[in-house]
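These are the residues of each chain, in order.
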Amino acid sequence: MAAILGFGAYLPARVVANAELAARLGCEPGWILDVSGIEERRYADPDESVANMGVAAAQQCLERAGVKSGDVGMILVSSGSAERRFPGPAPSIAHALNIAGVPAIDLPLASAGGLFGMAMAAALTGIYGKILVIASEKMSEVVLREPLERGVAPLFGDGAGACLIGDGSIRIIDSVMHSDGAFAEDLRLPFDTPLEMNGRSVIMQASRKIPSAIGELLERKGMSAAAVKIFLMHQANQNLMDRVARALDVDAGRFYSNIRRYGNTSSASMLIAAAEWWQAPGPRPGDLICFAAFGAGFHWGALLAEL
């Protein structure tokens, strides 16, 4: 059975506090914190790309898992902010990791890409062996395009996360993935123009669809939300995570949150959160772990793992 072997993450060094953005947006720093739960985020330097941030996260993941890059049989890379139409960052990351000849596939799924990558890897590991899932985003390149939008620019940050799937003790029990193109226009990034987001629609749909996916998965396995040790969710908005906790009738403290420090790093956010939690306190025998994400498309889903 497919299992989680480890996580890794990379965050750029530059810290951008709310005060810096508020001055450009004509708002108060406290307003940004109130509406999003974000106090600061990281911005990549000009010479940091989606690909090289992904490489750094992957290297940490492989090191923590004690696995050599040559043992990887497939690479799945998610990014909604890659610098070019094609090729995507996946083959560049594979080359930088000195992984030759294996499939290196791009998943251009903003926000939900890390979750979808993990679920797909779990289904394919029996064929390809160890699969490296990477999500890397340079959202600052997107949200700082003029004209700056006050409801969008403060929300996002840069970073990368990685997960290695293979045979191990932290078993992936099951997953669900869903999509609905009826809402495709509500969160989109056209080429060379600012990100366009209907924030009301995104929050409303996410606050319904995430608990629904988690509930669907738990019901299918005959489990309850109360049995879940930790929820590792896409870090979109602190208010959204609190809504999901209420919908599931669980304490909000069981939803790991680092959005205050990093903002929304789109498809990388769930993997970055998992990489942090995995180090401290990390999984213990008997722990049930729930991953969940929602993003543009709309795409959403959940995944359960157990030690």
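Details of the structure are given in the entry above.
We now turn to the structure provided with this report.

Conventions and cut-offs
Residues numbered from 1 in each chain as written. Predicted model: local features only at pLDDT ≥ 70, side-chain atom pairs only at ≥ 80, totals over all residues. Heavy atoms only, no water. Helix = DSSP H or I, 4+ residues; strand = E, 2+ residues; numbered from the N terminus. Rg over C-alpha atoms; globule rule 2.2 N^0.38 Å. Buried < 20%, exposed > 50% of the residue type's maximum accessible area, 1.4 Å probe, protein only. Contact = heavy atoms within 4.5 Å. Areas by Shrake-Rupley, 256 points an atom, 1.4 Å probe, with all protein chains shown as cover. Lys, Arg positive; Asp, Glu negative; His and termini not counted. Charge placed at Lys NZ, Arg CZ, Asp CG, Glu CD. Disulfide = S-S within 2.5 Å. Phe/Tyr/Trp six-rings, centres within 6.5 Å; stacked < 30°, edge-to-face > 60°. Lys NZ or Arg CZ within 6 Å of the ring centre and 35° of its normal. Polar contact = N/O pair within 3.5 Å; in protein donor to acceptor, adjacent residues only side chain to side chain. 1 Å grid on protein atoms, 1.4 Å probe; cavity = no way out; pocket = protein on both sides within 12 Å on 5 of 7 lines; lining within 4 Å. Points joined across faces, edges and corners; volume = space filled by probe spheres on them. Pairing = 2+ DSSP bridges. Axes fitted to C-alpha atoms, helices over the stretch in contact; angles between N-to-C directions. Arc of directions from axis to C-beta. Expected span 1.5 Å × (residues − 1). Parallel < 35°, antiparallel > 145°, perpendicular 65-115°, else oblique.

**Remarks on the overall build of the protein**
Logical step 1: The secondary structure content of the protein amounts to ten helices and 13 strands.
Logical step 2: Its C-alpha atoms give the protein a radius of gyration of 18 Å, near enough to 19 Å, the size a compact globule of 307 residues would have.
Logical step 3: Oriented by its inertia axes, the alpha-carbon framework of the protein measures out at about 50 × 45 × 35 Å.
Logical step 4: Counting across all 307 residues of the protein, residues that qualify as buried make up 54%.
Logical step 5: Counted over contacts in the protein with a minimum sequence separation of 6, partners at least 24 positions apart contribute 77%.
Logical step 6: A total of about 12,600 Å² of accessible surface is found on the protein, and carbon and sulfur atoms cover 50% of it.
Logical step 7: Looking at charge distribution, the protein has the averaged site of its 26 positive side-chain charges lying 3 Å from that of its 32 negative ones.

**Focus: the state of the cysteines**
Logical step 1: Enumeration according to the criterion identifies zero disulfides in this entry.
Logical step 2: The thiol sulfur of Cys163 is not disulfide-bonded, and the nearest other cysteine sulfur, from Cys61, lies at 6.0 Å.

**Considering the packing of aromatic side chains**
Two aromatic rings are characterised by how far apart their centres lie and by the angle between their planes.
Logical step 1: Applying the stated rule across the entire model yields eight aromatic pairs.
Logical step 2: Considering the side-chain rings of Phe183 and Phe298, the 5.3 Å spacing of their centres and the 10 degrees angle between planes classify their relative orientation as stacked. Within this pair, whereas Phe183 is found in the loop between β8 (170-179) and β9 (187-188), its partner Phe298 is found in the loop between β12 (288-295) and β13 (299-306), the two being separated by 115 residues in sequence.
Logical step 3: Taking the centre distance of 6.4 Å and the plane angle of 35 degrees together, the rings of Phe294 and Trp300 count as tilted. Accessibility assignment for this pair places Phe294 and Trp300 in one class, buried.
Logical step 4: Pairwise contacts between aromatic rings join Phe7, Trp277, Trp278 and Phe291 into one cluster.
Logical step 5: Against the face of Phe191 rests Arg85, its NZ or CZ located 3.8 Å from the ring centre.

**Structural notes on the side chain of Asp174**
Logical step 1: Summarising the element assignment, Asp174 is placed in strand β8.
Logical step 2: Reaching out from Asp174, the side chain makes a polar contact with the side chain of Arg220 at a distance of 3.0 Å.
Logical step 3: What Asp174 contacts, discounting residues up to four positions off in sequence, is Leu217, Arg220, Lys221, Leu303 and Leu304.

**Focus on empty space enclosed by the protein**
Logical step 1: Taken as a whole and judged by the stated rule, the model has one cavity of 30 Å³ or more.
Logical step 2: Of the pockets and cavities examined, the largest cavity occupies roughly 40 Å³.
Logical step 3: Every residue along the wall of the largest cavity is listed here: Val142, Val143, Arg145, Pro147, Glu149, Val152, Pro194 and Leu195.

**Re the sheet that holds strand β1 (residues 2-10)**
Hydrogen bonds between backbone atoms are what pair the strands of a sheet, whose relative direction is either parallel or antiparallel.
Logical step 1: The sheet built from nine strands is open, its strands ordered β5-β4-β6-β7-β1-β8-β13-β12-β11 with mixed pairing. Edge positions in the open sheet fall to β5 (104-107) and β11 (230-233), since each of these has one partner strand only. With strand direction ignored, the average angle separating the axes of adjacent strands in the sheet is 25 degrees.
Logical step 2: In terms of strand pairing, β12 meets β13 through eight bridges, oriented antiparallel. Each residue of the ladder has a partner; that of Phe294, found in β13, is Trp300.
Logical step 3: Against the sheet, helix α10 (residues 269-279) touches β1, β6 (130-138), β7 (158-167), β8, β11 and β12, its axis set at about 100 degrees to β1.

**Some details on helix α4 (residues 89-96)**
Logical step 1: Those residues of α4 that sit buried are Pro89, Ala90, Ile93 and Ala94. All buried residues of α4 project into a common sector of 135 degrees when viewed along the axis, lining one side.
Logical step 2: For α4, the secondary structure elements touched by its buried residues are α3 (50-65), β4 (72-78), β5 and β6.
Logical step 3: Residue Asn98 follows α4 closely and has a positive phi angle near 65 degrees.

**A look at α3**
Logical step 1: Given a rise of 1.5 Å per residue, 16 residues ought to cover 22 Å, and the 23 Å separating the end C-alpha atoms of α3 matches this to within 8%.
Logical step 2: Listed as buried for α3 are Val50, Ala51, Met53, Gly54, Val55, Ala57, Ala58, Cys61 and Leu62.
Logical step 3: Those residues of α3 that are buried lie in contact with β1, β4, α4, β6 and β7.
Logical step 4: With its phi angle positive at about 70 degrees, Gly66 sits one or two positions after the end of α3.

**Observations concerning the pairing of β8**
Remember that side chains alternate between the two faces of the sheet whenever the strand is regular.
Logical step 1: Pairing between β1 and β8: two bridges, direction antiparallel. Of the residues in β8, the one forming a bridge with Ala3 is Arg171.
Logical step 2: Pairing between β8 and β13: eight bridges, direction antiparallel. Each bridged residue has a counterpart across the sheet, and for Ser179 the counterpart in β13 is His299.

**Comments concerning the packing of helix α1 (residues 18-25) against helix α2 (residues 29-36)**
Logical step 1: Where α1 contacts α2, the axes come no closer than 8 Å and their chain directions differ by 105 degrees. Considering their axes alone, α1 and α2 lie roughly perpendicular with respect to each other. Within the contact between the two elements, α1 uses Asn18, Ala19 and Ala22 and α2 uses Pro29, Ile32 and Leu33.

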